[in-house]
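Spelled out from the first residue to the last, the chains are:
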Amino acid sequence: MTDFTPWPNDLIQLYRQKGYWIDKPITHGLRVQAEARPDSCAIQCGTRAISYRDLDKASSALAIRLLDSGIAQGDHAVVQLPNCAEFYITFFALLKAGIRPVNALFNHRALELRSYVQQLQPKLLIGSRAHPLFKDDTFTGELREISQGIELCLFLDDPDPHSDLRQWLLADDAPAGNWPDIAAHDVAFYQLSGGSTGTPKLIPRTHNDYDYSVRASAEICELTPQTRFLCALPAPHNYVLSSPGALGVFFAGGTVVMADSPEPNLCFDLIEKHGVTMAALVPSAVGLWLEAVRAGLQPPDSLELVQVGGASFAETLARQVPEVLGCKLQQVFGMAEGLVNYTRLDDNSERIFTTQGRPICEDDDVRVRDADGHDCADGETGQLWVRGPYTFRGYFRSPTHNQAAFDNDGFYHSGDLVQRDQDGYLRVVGRVKDQINRGGEKIAAEEVESLLLRHPEVLEAALIAQPDARLGERGCAVLVARNPVRPVALRRHLIDQGIAEYKLPDRIVFVEAMPLTAVGKINKRALRETILETQ
Ligand code: AMP
């Protein structure tokens, strides 16, 4: 089983020749900025302003201490931190040390964390005592049984100084150490896949490919040292991490302002206070911001650009952004697996309102194919296939799933339904993957269905997307049960299995029998039609 599927040699050469891959670690941008503008603010987190010098020093201190403690280059880490400066300091530290993390979302629970620990067998665990699972050491003990190699657990706000993450970041008396050589063609970290299967899949991202996507995105979005970027979505999301996200802002020498949530009062306050120029939002959050302004909240003056991505953004809402929020709009359609599309800042407004942009790179090889694998004409709806300089080539140790997700030519089949115009701009019009996109958070139907099926009364289960005015979609579980079960009992059943709350079905419906397709599978299309009529 492979940890990482490399690109073919001819493409590796091409990507180097064309300057996409520059054989430097993702941290090189931070090093450059720490020298060029050591005193500039890199991260604003509450009242703390962390300079580029301090970001560089604290991440180096942690990296050296981790290596000193016996965690080695190439080892794995599972990290779960909230939106705070320590998230980035830790991420840079692990990249500098060559320790490969996965960054779990803070709203992930036991099920997700167990799965990451099971898959990666980490030596290091970094979490927060503010998370309900890490209030005491019971769950850590459980994780140690799943991965017997866990050597070190560090926590934000741990009462014991030996395992308090902040103590490990102190730069003053940090030991000097030898830096490992980081091979830029190697895996830097694992990104989270939205997934459509039972187990959350991990996406190996290399220094070369991720760094390219960050640099190119920073250029497309015209980031400068004056950029002040609001991070109000969960920091590990690929979108706010790298499109251009916080990493793009650090690369350009700007400032990342941390927010706990996209709630408008909180965010407008932060924008005002810190002169934020740019924010990355999902459509449901833009909806909240637009409503808040209509209800009388003053839109912040400093905001120049709002990016919207992660889920379908209704054209009617898109048209309101410049008028109501008084700033430019940029649509972003990307995926943690790689490909990212942007409307360009100088595109005409019709294009910005009606498309989800075009790829970063001329060597993003995007195909729009019909169900038989034939190319679709411009404007026709088809499935998006892609390969390119920052689109991965295989999930971590998932040979069976990789066979389904990739074809023999290395194209990743994203499961999105798109239309492409003659200029290469894409419109996302649907999906074939069995997933619910709940306000930008992805839910793999199979994962929830398999947990529902563990309930003794549940005979058959199907999770389908139900349109929702606020979130875009919500999860609706359709069940065939032996005996009547109360929805509250089913939700409890799911919670008891440690599932993240956003994956809980918003609605539960019981039917006598499932409609079936010709080959005897549950016919979700037919289910959607009948169930949604009865909402
Ligand atoms: P993730 O890997 O979690 O970032 O999710 C990527 C998926 O989110 C894509 O494959 C799409 O299904 C969906 N997505 C991302 N951006 C957009 C967008 N602008 N419009 C519609 N769907 C989107």
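Please read these numbers as outputs of a predicted model, since none were measured by experiment.

Q: How would you explain the overall build of the protein if you had to name every residue and give the values?
A: Within the protein, the secondary structure is distributed over 18 helices and 24 strands. A compact globule built from 535 residues would reach a C-alpha radius of gyration of about 24 Å, and the protein, at 23 Å, matches this within 12%. Taken along the three principal axes of its C-alpha coordinates, the protein extends 70 × 55 × 55 Å. Out of the 535 residues belonging to the protein, those deemed buried represent 58%.

Q: Break down the site of the ligand for me, with residues and values.
A: The environment of the ligand is formed by 16 residues, the closest being V332, A336, D416, K433 and K442. A distance of 3.1 Å separates a nitrogen atom of the ligand from a polar atom in the backbone of G310. Alone, the ligand offers 500 Å² of accessible surface; in the complex the protein occludes 90% of this.

Q: Which residues make up the sheet that holds strand β23 (residues 472-481), and what are the values?
A: Pairing within the open sheet is mixed, and its three strands lie in the order β22-β23-β24. This sheet does not close on itself; its edge strands, each paired only once, are β22 (458-468) and β24 (507-510). For this sheet, the mean angle separating the axes of adjacent strands, direction not counted, is 25°. Lying over the sheet, helix α18 (residues 524-533) contacts β22, β23 and β24, oriented at roughly 65° with respect to β22.

Q: Any details on the packing of aromatic side chains? Residues and values, ideally.
A: According to the stated counting rule, one finds 23 aromatic pairs in the structure shown. For the pair W7 and W21, a centre-to-centre distance of 5.0 Å together with 85° between the ring planes defines the contact as edge-to-face. Placement of W7 in the segment before α1 (9-17) and of W21 in the loop between α1 and α2 (28-36) is noted, with a sequence separation of 14 residues between them. Classification of W21 as buried rests on a relative accessible area of 4%. A centroid spacing of 5.3 Å and a plane angle of 55° characterise the contact between Y15 and W21, whose relative ring orientation is tilted.

Q: Can you explain the sheet that holds strand β18 (residues 412-420)? Please cite residues and give values.
A: Two modes of strand pairing occur in sheets, parallel and antiparallel, and in both the strands are linked by backbone hydrogen bonds. Strand order in this open sheet of four strands is β16-β17-β18-β19, and the pairing throughout is antiparallel. The open sheet is flanked by β16 (365-369) and β19 (426-431), the only strands paired with a single partner. If you compare each strand with its neighbour and ignore which way they point, the axes differ by 45° on average.

Q: Please provide a residue-by-residue account of the environment of C376, values included.
A: Assignment of secondary structure puts C376 in the loop between β16 and β17 (382-387). Residue classification places C376 among the buried residues on the basis of a relative accessible area of 13%. Taking the C-alpha atoms as reference, C376 lies 28 Å from P467; in sequence the two are 91 residues apart. If near-sequence neighbours (up to four positions away) are discounted, C376 is found in contact with V368, R369, D370, T381 and G382.

Q: Requested: an account of the pattern of salt bridges, with residues and values cited.
A: Side chains bearing opposite charge may pair, as long as their charged atoms lie close to each other. Counted under the stated rule, the structure contains 33 salt bridges. With a shortest N-O distance of 3.1 Å, K18 and E362 are connected by a salt bridge. Here E362 lies in the loop between β15 (358-359) and β16 and K18 lies in the loop between α1 and α2, a separation of 344 residues in the sequence. Of the residues examined, K18 reaches a relative accessible area of 37% and is grouped as partly exposed. On the accessibility criterion, E362 (67% relative accessible area) is exposed. Ionic pairing is found between D211 and R215, a salt bridge with its closest N-O pair at 2.9 Å. Within this pair, D211 and its partner R215 are both found in helix α8 (residues 207-220), separated by four residues, close to a single helical turn. The exposure class of D211 is buried, given its relative accessible area of 4%.

Rules used in this analysis
- Residues numbered from 1 in each chain as written.
- Predicted model: local features only at pLDDT ≥ 70, side-chain atom pairs only at ≥ 80, totals over all residues.
- Heavy atoms only, no water.
- Helix = DSSP H or I, 4+ residues; strand = E, 2+ residues; numbered from the N terminus.
- Rg over C-alpha atoms; globule rule 2.2 N^0.38 Å.
- Buried < 20%, exposed > 50% of the residue type's maximum accessible area, 1.4 Å probe, protein only.
- Near = heavy atom within 4 Å.
- Polar contact = N/O pair within 3.5 Å; in protein donor to acceptor, adjacent residues only side chain to side chain.
- Areas by Shrake-Rupley, 256 points an atom, 1.4 Å probe, with all protein chains shown as cover.
- Pairing = 2+ DSSP bridges.
- Axes fitted to C-alpha atoms, helices over the stretch in contact; angles between N-to-C directions.
- Contact = heavy atoms within 4.5 Å.
- Phe/Tyr/Trp six-rings, centres within 6.5 Å; stacked < 30°, edge-to-face > 60°.
- Salt bridge = Lys/Arg side-chain N within 4 Å of Asp/Glu carboxyl O.

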